[in-house]
Protein chains: 2
Amino acid sequence: MAEADRHDKTSHQLRLLSDALETGRLGPVKRLVNTLSPAEIGNLLESLPLGKRIVVWGLVDPDDDGEVLVHVGDEVRESLIAEMDPDEIVAAVEDLDIDDLADLVEDLPATVIDEVLKSMDRENRDRLEQVLSYPEDTAGRLMNPDVVTVRADTTVDVVLRYLRLRGELPEHTDYLYVVNRRHQYLGRIGLAQLLTHDAGTPINQLLDDEQAAIGVEESDSEVARQFSDRDWLSAPVVDDNHILLGRITIDDVVDIIREQAEHQALSAAGLDEDEDLFSPAKRAFRGRLLWLAVNLATAFIAAGVIGRFEDSIEQIVALAILMPIVAGMGGNAGTQVLALMIRGLALGQIGSSNFRVLLRKEIGVALINGVLLGSGLGLIVLAWFHSPMLSLVIGTALTINLLTAATAGVLVPLTLKRRGFDPALAGGVLLTTITDVMGFLSFLGLATLVLLR
Amino acid sequence: MAEADRHDKTSHQLRLLSDALETGRLGPVKRLVNTLSPAEIGNLLESLPLGKRIVVWGLVDPDDDGEVLVHVGDEVRESLIAEMDPDEIVAAVEDLDIDDLADLVEDLPATVIDEVLKSMDRENRDRLEQVLSYPEDTAGRLMNPDVVTVRADTTVDVVLRYLRLRGELPEHTDYLYVVNRRHQYLGRIGLAQLLTHDAGTPINQLLDDEQAAIGVEESDSEVARQFSDRDWLSAPVVDDNHILLGRITIDDVVDIIREQAEHQALSAAGLDEDEDLFSPAKRAFRGRLLWLAVNLATAFIAAGVIGRFEDSIEQIVALAILMPIVAGMGGNAGTQVLALMIRGLALGQIGSSNFRVLLRKEIGVALINGVLLGSGLGLIVLAWFHSPMLSLVIGTALTINLLTAATAGVLVPLTLKRRGFDPALAGGVLLTTITDVMGFLSFLGLATLVLLR
């Protein structure tokens, strides 16, 4: 899918802004920034080096400050909050929705949290404390406790009168929830239905009890799965006794889906999705070092294997020239299988009941590709080094390593997942260690057996 | 984020289903399948090898057939449609929403398309043809032309009466669109507002003209960006003359976001996101072969570099043992930078105005890590081979290759993007070719200069 236009639009804004910042005249910058939505401002701030970021942050309309803070990653958020007075922070966040505020609150200085709590009315303070009482990454943290409820034993016109009295509904309200006397969730009525039915229609005739409720302790990835599998736009949240606690709307779920996708792409390279693109080098290097050190350690395992064949290499230098090809191709083929497995595991499409079929298929693919690419590689090596035996050895070694890659590509992520590890994080390192070792071992081993005995 | 529970739930269903299928008694399977939503059935079908898939597909409630087809990938969809009679297909798809039908129609046999068109009433046929007249991956294809419009010069009670007469509203209707006599989009009114305002309130007093309209030719990734940056749940679609054509709802946008994420994860391994996990090996190998062949070709470039240093390796075999470490570490470090760049480019956070800052930062990170890891590597090599000069050479070569990786990690994706290529697809192959070549060149080259002259 072409991302080009998206890129072009935001980076065009970025260029305009950069040019304006260079001139030092902040008026145009301010006007430009304040045509953007809070999420776009957040995106822009994440695209700016620290110095410029602080300048632009000072120009953002204070009314948008809170929403912008909600929309940036943890590291960038810290850099922005560090520039604000406690009063400014309180003013910025006190008008946020409860679910957004709950998301922010743990990044605020303790004194500011007290101030924010003091500035809230009792009802909202109770709601915030309720939301914060649930663990992070659960439905309880995502929900907004501000919901409109009605009783089943009433009629459309009573509800209409109640709504007119009540005035404005919470943002993104598409359904009213029907509860009983104990505030247990019974079902919902769409606003559309209230509008298209006669005033006298009893509410329980319109009641839709098909909409399932989400348990307050469900994980946010489970919430995301249900929203996307069932095309929900909003859903009620209940406790163990089915008492209605709040509602989750799809705009918050979209953020989770995005974060999950980013996590998968970045954790494969040992990175944290909250990393600030522009954090200074002397801070950023730490986030990379551990993963590189682990890779360095595993590289020695492969080097150790090569070391065992010192004598063979000394006699036939061509082995040293060609051995990275066999190892590298195994890594490439394994990476393909790993990528499919990680997606399949994330979608729950792979389990103990079907991984054998998958393994058999991948071994079949590896065998076909091994024969095809192995023959190709063998022919090129024959033309280069004029040794039919060397050519046979490298073709066979490649096939063996592709088979290893297929097997490891299926089993490594499956095993990691079963043991509770994230296959996206550790899968790649483990897999390439296996294919490197097997690549060097099969090629140098076969060469030693066939060419040097 | 833990995906474990999601995995567990679906794979639990999968296991139940598999067990039931093994017994051959299809009654329980059918009951199980028909408790699931169409998207969940689709997910399940994608998790089944072809034989079982066809059996289960035969058990799905025919009323759900159409929705299930909408929710599976292209390859799996083909395998399902191949099992259906033309009549069954027509029955399955004729009740779909126009936007879903448009999504499916091109995968149907031509004779079936004619049948489907004939079975539709004139209004819907025109709508379908209109949607199909826009290119794939644009707003025109995503929109549903079925929208409720009202005029500005009327009052709440007139609209309420109209809605009651009209009856059911299109699915997920949260706003009515206000148009003028020429059907140009003027703004929108929330259903919530109709419910909370007095009957006599003029519509133009409630009109919200802040909601921007989407151009019918905008790309779907641009549509996704706007929905997620501005927290929209729905948006109107207009043509160049601002005439209202339809509306897009967020449930379709969520699918795009998911697809983009999958595309990014899979295309890095040269894979197509529509690949059927269970397509037979003799078919699946083709999807992998090209990318592996490209990688094989680039591997020869690196092998060629090693070949230049044949004499050096012959004299010091330790070089052959250690050279993959230097090359591989460059690849790892470069992959980290590449992953950050691909995300930054996709979010539009990186452009000509700020990539220099980023390059400087990444070079700084590489320098710090080069010194730290280079020293570590040097010490280990000293302990292993007792050669201070070799130890110095490998430490220096590693630092050089990390600097190369940082530079290439920033510039390769940026250049690919500028030239209109997908950095997620081609970035990895190009980058590792560069780091392999530079790894071998710097290590073997320095060794030859320092150790052999």
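The residue numbers shown here count from 1 along each chain, following its written sequence. Just so you know, chain letters begin at A and ligand numbers begin at 1, following the order they were written in. Given that this is a predicted model, residues contribute local features only at a pLDDT of at least 70 and side-chain atom pairs are listed and counted only at 80 or more, while totals for whole chains, interfaces and linings are drawn from all residues. Just so you know, side-chain values use all the structure's heavy atoms and leave hydrogens and water out.

- The name an unreviewed UniProt entry gives chain A is Magnesium transporter MgtE, with Lysobacter defluvii IMMIB APB-9 = DSM 18482 as the organism.
- The annotation that UniProt attaches to chain A under Sequence similarities (unreviewed entry) is "Belongs to the SLC41A transporter family."
- UniProt positions are given in the numbering used here, feature names are shortened, and annotations may be inferred rather than shown by experiment. For the record of chain A, the UniProt heading Subunit (unreviewed entry) holds the text "Homodimer."

Comments concerning the domain arrangement of chain A
Okay, step 1: Domain segmentation is taken from an automatic or database assignment of domains. For chain A, the assigned domains are domain 1 (4-137), domain 2 (149-254) and domain 3 (281-451).
Okay, step 2: Distance from the C-alpha centre of domain 1 of chain A to the C-alpha centre of domain 3 of chain A: 46 Å.

With respect to the interface of chain A and chain B
Okay, step 1: Should any heavy atoms of two residues lie within 4.5 Å, those residues are considered in contact. Facing 128 residues of chain A, the contacting portion of chain B comprises 128 residues.
Okay, step 2: What counts as buried area is the accessible surface, traced by a 1.4 Å probe, that two parts surrender upon association, with contributions from both included. Summing both sides of the interface, chain A and chain B together bury roughly 12,600 Å²; the carbon and sulfur share of this comes to 65%.
Okay, step 3: In the sections that follow, a salt bridge refers to a side-chain nitrogen of Lys or Arg positioned within 4 Å of a carboxyl oxygen of Asp or Glu. Where chain A packs against chain B, one counts 6 salt bridges.
Okay, step 4: With its nearest N and O atoms 2.8 Å apart, the salt bridge here joins Arg288(B) to Glu362(A).
Okay, step 5: Under the rule applied, a polar contact is a pair of N or O atoms within 3.5 Å (in protein, one hydrogen donor and one hydrogen acceptor; residues adjacent in sequence only if both atoms are side-chain atoms). The interface formed by chain A and chain B includes 24 residue pairs in polar contact (both at pLDDT 80 or more).
Okay, step 6: Residue contributions to the side of chain A that touches chain B peak at 17 residues, all from helix α17 (residues 281-307) of chain A.
Okay, step 7: Under the grouping applied here, Gly and all other residues not named as nonpolar or charged are polar, the nonpolar ones being Ala, Val, Leu, Ile, Met, Phe, Trp, Tyr, Cys and Pro and the charged ones Asp, Glu, Lys and Arg. In terms of residue class, the side of chain A that touches chain B is made up of 64 nonpolar, 34 polar and 30 charged. Numbering of helices and strands runs from the N terminus, with a helix taken as a DSSP run of H or I at least four residues long and a strand as a DSSP run of E at least two residues long.

Observations concerning the nonpolar core
Okay, step 1: The biggest cluster of nonpolar side chains holds 120 residues, and the ones touching the most others in it are Ile248(A) and Ile248(B).
Okay, step 2: Beyond its immediate stretch of four places on either side in the chain, Ile248(A) contacts Ala139(A), Leu142(A), Met143(A), Ile214(A), Val223(A), Phe227(A), Leu233(A), Ser234(A), Ala235(A), Val237(A) and Val253(A).
Okay, step 3: Residues belong to a common nonpolar core when they are buried Ala, Val, Leu, Ile, Met, Phe, Trp, Tyr or Cys residues joined through side-chain atoms within 4.5 Å. Buried residues are those whose accessible area, probed at 1.4 Å on protein chains only, stays under 20% of the maximum for their type, while exposed residues exceed 50% and partly exposed ones sit between those limits. In this structure, Val317(A), Ala366(A), Ala405(A) and Ala333(B) belong to the second largest nonpolar core, which totals 81 residues.

As for the sheet that holds strand β6 (residues 244-249) of chain B
Residues and elements named next belong to chain B.
Okay, step 1: Strand pairing is assigned whenever DSSP identifies at least 2 bridges connecting the two strands. Spatially, β4-β5-β6 is the arrangement adopted by the 3 strands of the open sheet, whose pairing is mixed. Across the chains shown, the open sheet's two edge strands, defined by having one partner strand only, are β4 (214-215) and β6.
Okay, step 2: Note on geometry: axes are lines fitted to C-alpha atoms, helical ones only across the stretch in contact, with angles between N-to-C directions running from 0 to 180 degrees. Along the sheet, helix α15 (residues 220-229) makes contact with β4, β5 (234-238) and β6, crossing β6 at roughly 65°.

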